[in-house]
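Breakdown of the fold
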Number of protein chains: 2
Amino acid sequence: SLVLSSQRRIPELSSFVARTNTCGELRSSYLGQEVTLCGWIQYRRQNIFLVLRDFHGLVQVIIPQDESAASVKKILCEAPMESVVQVSGTVISRPPGQENPKMPTGEIEIKVKTAKLLNSCKKLPFEIKDFVKKTEALRLRYRYLDLRGVQMQYNLRLRSQMVMKMREYLCNLHGFVDIETPTLFKRTPGGAKEFVIPSREPGKFYSLPQSPQQFKQLLMVGGLDRYFQVARCYRDEGSRPDRQPEFTQIDIEMSFVEQTGIQSLIEGLLQYSWPSDKDPVVVPFPSMTFAEALASYGTDKPDTRFGMKIVDISDMFRNTKVGFLQDALSKPQGTIKAICIPEGEKYLKRKDIESIRKFAADHFNQCSLLGKLRLECADLLEARGVVLRDPALFSFLWVVDFPLFFPKEENPEALEAAHHPFTAPHPSDVHLLYTEPQKVRSQHYDLVLNGSEIGGGSIRIHDAELQHYILATVLKEDVKLLSHLLQALDYGAPPHGGIAIGLDRLMCLVTGAPSIRDVIAFPKSFQGHDLMSNAPDSIPPEELKPYHIQVSWPTDSK
Amino acid sequence: SLVLSSQRRIPELSSFVARTNTCGELRSSYLGQEVTLCGWIQYRRQNIFLVLRDFHGLVQVIIPQDESAASVKKILCEAPMESVVQVSGTVISRPPGQENPKMPTGEIEIKVKTAKLLNSCKKLPFEIKDFVKKTEALRLRYRYLDLRGVQMQYNLRLRSQMVMKMREYLCNLHGFVDIETPTLFKRTPGGAKEFVIPSREPGKFYSLPQSPQQFKQLLMVGGLDRYFQVARCYRDEGSRPDRQPEFTQIDIEMSFVEQTGIQSLIEGLLQYSWPSDKDPVVVPFPSMTFAEALASYGTDKPDTRFGMKIVDISDMFRNTKVGFLQDALSKPQGTIKAICIPEGEKYLKRKDIESIRKFAADHFNQCSLLGKLRLECADLLEARGVVLRDPALFSFLWVVDFPLFFPKEENPEALEAAHHPFTAPHPSDVHLLYTEPQKVRSQHYDLVLNGSEIGGGSIRIHDAELQHYILATVLKEDVKLLSHLLQALDYGAPPHGGIAIGLDRLMCLVTGAPSIRDVIAFPKSFQGHDLMSNAPDSIPPEELKPYHIQVSWPTDSK
């Protein structure tokens, strides 16, 4: 089923435009060819040669020195760095000994005949070189300059290629239909994180959806059978690092499918679309229950690139005389757990132990303490030179059998959906719904990569009565807001399920980028600002009138 | 360059799920195979057989009559129409003489062994049959049922396939990079049609962009070289038929390109992605200047499927004695024009002539009168049985050399951008910018199909000084709002240009759908409402508080 991929031809990068070749593609095999190149002046030395750059790479251009080419020389010597030029000339060998093996085009250079200054560049706020350190604020403000760097070009191009391969897999190999769903929708129950959009009807608002969840389920009711979309989603979380108010997910839904079907589909999808410069993805991915993940890793998204699992050592202390251990064990389900740091004695210094102790004290009341300590200790060990997490390793893991409900934080007597209210209960736990709903496991599954959750999905409820019971009786939601969905389930809804993969986070892990802002062309800052264009911005009150809204200024600023 | 397309394999439509085959794929070649099918009960006769439907087609299922299969019979006979069932059985020949040549699966039927009721269907608001007429309001309210129809399934699947082929052409064949740009942006100057989104900062608003215009130009400045995106765009036009508040465009931008390059690219794109069940697209497309389009067709989007061009007959009346004709000719640039209706005498009745006369009177002051009359007469002729516009004909046309500016409607002394302020002037007219800007032609081009504008684009201004002059001096815009773009042009912007194709309208023409709502899965009504979910909807005032806005209720409703 990898036919399309292996037969992929190299794209024509110079079709339809004013160049014959890209700067980066020229090799010895092009010797003697007349070429026209367009690019940016990256570097110039002693008015003898310059290095021209385009998205594809660098090439050395020889500035003609003879009198007859004075005008060409003038253009190429006077243009400021980062000016845009077009040059035509011949591909020639570099003189023996002057080849540059570090440069893919290092065996050749261009003997220029004509040159044209396409655009001159003013003094830049920073140099377009990857080793030049810039603050993130400066990078975001001049994003169009930051994008010229090799790393950003690689990240955005790899993202485009991976998404294209995912589409081939879904569309061409498995018959999925790419369907666009609306982003002007209405608030979902409990949709406190949804942006609102005033309409021209007084008091009526659209809402930007957090995911196409309802629409994709309705598409299954509509008999579309296999849906996918590279879907823009929106979540208003105010300022949170490494979250973006708009983000992208590979959104998938299938009819007549069970959990294992979705899992195989996704394993195949990632295997098919995985970059060829990385180790191939091995399938199937291992699977772990939510309970096991919590017990062994202290988190529902275990980083399985290394061991240091949490172990229960209660039995060693059954007869202990130590007071606080006795106390712990005497409590119902009281246990004593530990993690073993391999060669910790050898690598960890006294101040490391102190920092671990402090970290533990700071997080003492959290049940995930040992999970966090495990990662903290891994960081400490790696800071001491131990390689715990191989940077070339991509460790995928399914986490399954989540609880269907969690107690509400503000009112632990009440329950809320652990993921969303459309998740189907585990078949063996359905009877518990009516007696002990807090014990019901769900058919939800998370996909974890190197300790980050990169996707999640579930088999959905297709029975209207069950859906109504969970919404109204268990969750105490206003069912009127979802009447269209409940009605749809009554009209011949097929069993169905799906998943969404967080594309930004996936690309961040694949490229090894420090932040999701490095895999997004125009990201917002921590505060949700576009530092380049200055969005969000003020709007004159008269432009708000058609929307029947006015600003309520905070009283202290009046 | 059509390698990928011709080698496309048939997708696996039953991978990962509970069926072995789709209902629609079974033929005589499957005889004797054990199959499992999932689908909807479309039809049942005399408890002897039923017709099962999935997205792929229909198949006949024989209900077992023997005692031992009583439970299977009960399930299949008692399930209401449109219930979802799973059946397993053997593909057998229909008895001789009972084949149905109108049905692709008409030679076979399924001898059922087991059956499972997956979901029962309640009484439907309308039947799922294409011949059943429904009002549009009913279709939109129960969109998930409407989607089960053959035509909607075809439209959405063809749309997905055409977009996929466009992506192959752009990404795999020509090295374009698929880049997502933000939809939370800020208002552009004069962006009265942009939805606003309140942020959590008092008085600060995001805006939903009408197109990724600024971002795609900034990507060119960022050296991305070739960008495309299937971009969601937003325009708040209140209630207008056949416009949607959110719509989709194939958005393209290239560096180092001229007008002919973009045109060849798009011709190749449409040729490559054109559905194989239609006549192939012939390239290159003919081209016509704006002036010629107006003169010969009375519109800038001529329907070139038929003649009936506007002709100048002034010379015939140079010596006329008829007063109103003399008057017309005596005015500066006064002309007399006509269209000739072929065999009009034969086909048009007296009341047709009357209706033409009335139409002309109603539109008398519009310079496009003859263009409108031409279409009106074409409708009349076709109503009388003349085939003027071949339904299988797709007549593409480039319209070029638009004016760069138009006089403002409310103040004809002032100029506004004919398309947008980033459009480059025609090279031969640049000098006129500083003396007679109203005479400057632009490097804008429109793509017209069968009389509808389906795309438009231009070569952009890459010179900061020229862009500043046009914004500040000619258009009198506040340049501060676009300072990031002006600055970007100063920092080594390459010459660039692009285009956007309106996907909804293109698909509407390709499928022959009566409305763009027939090529969109979940469209809004004329009034911008989602009739299924009831969006836009009211929001409690406390949920508006975080956004520092309140509703200004119109005074008469207080």
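Cut-offs and rules
- Residues numbered from 1 in each chain as written.
- Chains lettered and ligands numbered in written order.
- Predicted model: local features only at pLDDT ≥ 70, side-chain atom pairs only at ≥ 80, totals over all residues.
- Heavy atoms only, no water.
- Contact = heavy atoms within 4.5 Å.
- Buried area = accessible area lost by both parts, 1.4 Å probe.
- Salt bridge = Lys/Arg side-chain N within 4 Å of Asp/Glu carboxyl O.
- Polar contact = N/O pair within 3.5 Å; in protein donor to acceptor, adjacent residues only side chain to side chain.
- Helix = DSSP H or I, 4+ residues; strand = E, 2+ residues; numbered from the N terminus.
- Pairing = 2+ DSSP bridges.
- Least-squares fit on C-alpha atoms with pLDDT ≥ 70 in both.
- Buried < 20%, exposed > 50% of the residue type's maximum accessible area, 1.4 Å probe, protein only.
- Lys, Arg positive; Asp, Glu negative; His and termini not counted.
- Axes fitted to C-alpha atoms, helices over the stretch in contact; angles between N-to-C directions.
- Parallel < 35°, antiparallel > 145°, perpendicular 65-115°, else oblique.
- Left-handed = near helix turned anticlockwise from the far one by under 90°.
- Nonpolar A, V, L, I, M, F, W, Y, C, P; charged D, E, K, R; others polar.
- Phe/Tyr/Trp six-rings, centres within 6.5 Å; stacked < 30°, edge-to-face > 60°.
- pLDDT = per-residue confidence, 0-100.
- Core = buried A, V, L, I, M, F, W, Y, C linked by side-chain atoms within 4.5 Å.

Moving on, we get to the interface of chain A and chain B. Across the boundary between the two partners, chain A contributes 138 residues, which contact 139 residues of chain B. Together, Phe16(A), Phe256(A) and Tyr491(A) form the three largest contributors to the area buried by chain A at its contact with chain B, with a combined 7%. Note that Asp537(B) is salt-bridged to Lys186(A), the shortest N-O span being 3.6 Å. For the pair chain A and chain B, the interface holds 70 residue pairs in polar contact (both at pLDDT 80 or more). At 12 residues, the largest contribution of residues to the side of chain A that touches chain B is made by helix H5 (residues 150–173) of chain A.

The three strands are arranged S7(A)-S8(A)-S20(B) in an open sheet whose pairing can be described as antiparallel. One side of each edge strand has no neighbouring strand; the edge strands of this open sheet are strand S7 (196–198) of chain A together with strand S20 (537–538) of chain B. When S7(A) meets strand S8 (residues 204–207) of chain A, the two strands line up antiparallel, connected through three bridges. Paired with Pro198(A) across the two strands is Phe205(A), which belongs to S8(A).

At an RMSD of 0.1 Å, chain A and chain B line up after a rotation of 180 degrees and a shift of 0.0 Å along the axis. With respect to symmetry, the two chain copies, as superposed, fit the operation of a two-fold axis. Comparing interface residues between copies, 100% of those in chain A also lie at the interface in chain B; the contact surface is shared.

Glancing now at the side chain of Glu267(A). Residues and elements named next belong to chain A. For glutamate 267, the position within the fold is in helix H7 (residues 259–273). The side chain of glutamate 267 is buried and forms no salt bridge, while arginine 226, the nearest opposite charge, is found at 15 Å. Excluding its chain neighbours within four sequence positions, the residues that come into contact with glutamate 267 are Val283, Pro284, Phe285 and Trp398.

All names here are of chain B. One way to put it is that helix H6 (residues 213–221) packs onto helix H14 (residues 483–490) with a least axis distance of 10 Å and a crossing angle of 25 degrees. Taken together, the axes of H6 and H14 lie roughly parallel to each other. Relative to H14, the crossing made by H6 is left-handed. Contacts between H6 and H14 involve Gln214, Gln217, Leu218 and Val221 on the former and, on the latter, His484, Leu485 and Ala488. Among the residues making up the contact of H6 with H14, the classes are represented as four nonpolar, three polar and no charged.

Let's shift gears to the sheet that holds strand S3 (residues 57–62) of chain A. Residue and element names in this part refer to chain A. Spatial ordering of the closed barrel is given by S1-S2-S3-S5-S4, a layout of five strands whose pairing is mixed. Across the sheet, the mean angle separating the axes of adjacent strands is 55 degrees when strand polarity is ignored. By the bridge criterion, seven bridges tie strand S1 (residues 34–45) to strand S4 (residues 84–93) in an arrangement that is antiparallel. When the bridges of S4 are listed, valine 35 appears paired with glycine 89. Seen against the sheet, helix H2 (residues 70–78) touches S1, strand S2 (49–54), S4 and strand S5 (108–119) and runs at an angle of roughly 75 degrees to S5.

Attention now goes to the environment of Leu208(A). Within the secondary structure layout, Leu208(A) lies in the loop between S8 and helix H6 (213–221). Here the alpha-carbon distance between Leu208(A) and Ile262(A), two residues 54 residues apart in the chain, equals 27 Å.

Our focus in this paragraph is unusual backbone geometry. With glycine set apart, most residues show a phi of negative sign, and most peptide bonds adopt trans. A cis amide bond, omega -5 degrees, links Ala535(A) with the succeeding residue Pro536(A). Locating Pro536(A) in the fold gives a position in the loop between helix H15 (503–511) and strand S20 (537–538). Residue Pro284(B) is reached from Val283(B) by a cis peptide bond, and omega for that bond is -5 degrees. The residue Pro284(B) is located in the loop between helix H7 (259–273) and strand S11 (287–289) in this model. With phi around 60 degrees, Phe256(A) is a residue other than glycine that occupies positive phi space. Along the chain, Phe256(A) falls in the loop between strand S10 (246–255) and H7. For Phe256(A), a relative accessible area of 4% gives the class buried. Here the phi dihedral of Met308(A) falls at roughly 55 degrees; this positive angle occurs in a residue that is not glycine. Position of Met308(A) among the secondary structure elements: in the loop between helix H8 (290–297) and strand S12 (310–312). By relative accessible area, which is 9% here, Met308(A) ends up buried.

Residue and element names in this part refer to chain A. Across the 10 residues that make up S10, a large majority, 10, are buried. Side chains Glu246, Thr248, Ile250, Ile252 and Met254 of S10 all project onto a buried face; the interleaved residues Phe247, Gln249, Asp251, Glu253 and Ser255 project onto the opposite face, where all are buried too. Direction of pairing for strand S9 (residues 226–234) relative to S10: antiparallel, over a ladder of nine bridges. Counted as the bridge partner of arginine 232 is threonine 248 from S10. Of the strand pairs in this sheet, S10 and strand S19 (residues 496–502) are connected by seven bridges, and their pairing is antiparallel. Residue pairing for S19: serine 255 is matched across the bridge by histidine 496.

Take the packing of aromatic side chains next. Under the defined criterion, the tally for this structure stands at 33 aromatic pairs over all chains. On the numbers, 6.0 Å between centres and 70 degrees between planes, the contact of Phe256(A) with Trp40(B) is edge-to-face. You can see Phe256(A) sitting in the loop between S10 and H7 and its partner Trp40(B) sitting in strand S1 (residues 34–45), one on each of two chains. Trp40(B) gets classed as buried once you look at its relative accessible area, which sits at 3%. Ring centres 4.5 Å apart and planes at 10 degrees place the aromatic pair Phe285(A) and Phe396(A) in the stacked group. One end of the pair, Phe285(A), is in the loop between H7 and strand S11 (287–289); the other, Phe396(A), is in strand S14 (residues 396–400), with 111 residues separating them in the sequence.

Residues and elements named next belong to chain A. Looking at chain A as a whole, the pLDDT averages 93, with 97% of positions reaching at least 70. Between residues 1–7, whose pLDDT stays under 50, and residues either more than four places distant or in other chains, the model counts 13 contacts. As a predicted assembly, this complex carries a pTM of 0.96 together with an ipTM value of 0.95.

What follows covers the nonpolar core. Residues Ile266(A) and Ile266(B) are the most contacted members of the largest nonpolar core, which totals 119 residues. What Ile266(A) contacts, discounting residues up to four positions off in sequence, is Ile252(A), Trp398(A), Leu447(A), Ile499(A) and Ile501(A).

Our next topic: H15(A). Judged by how many residues are buried, H15(A) sits mostly within the fold: seven of nine residues are covered. Within the sequence span of H15(A), burial applies to Leu503(A), Asp504(A), Leu506(A), Met507(A), Cys508(A), Val510(A) and Thr511(A).

All names here are of chain B. Within the fold, isoleucine 250 resides in strand S10 (residues 246–255). Judged by its relative accessible area of 1%, isoleucine 250 is buried. For isoleucine 250 and arginine 232, which are 18 residues apart along the polypeptide, the C-alpha to C-alpha distance reads 9.1 Å. Sequence-distant contacts of isoleucine 250, that is, excluding residues within four places in its chain, are made with Met166, Leu170, Gln229, Val230, Ile499, Ala500, Ile501 and Leu503.

Turning our attention to the environment of His56(A). Residues and elements named next belong to chain A. Mapped onto the elements, histidine 56 comes out in the loop between S2 and S3. Classification of histidine 56 by relative accessible area gives partly exposed; the value is 35%. Excluding its chain neighbours within four sequence positions, the residues that come into contact with histidine 56 are Leu13, Thr22, Gly24 and Glu25. Looking at histidine 56, its side chain comes within polar contact range of the side chain of threonine 22, at 2.6 Å.

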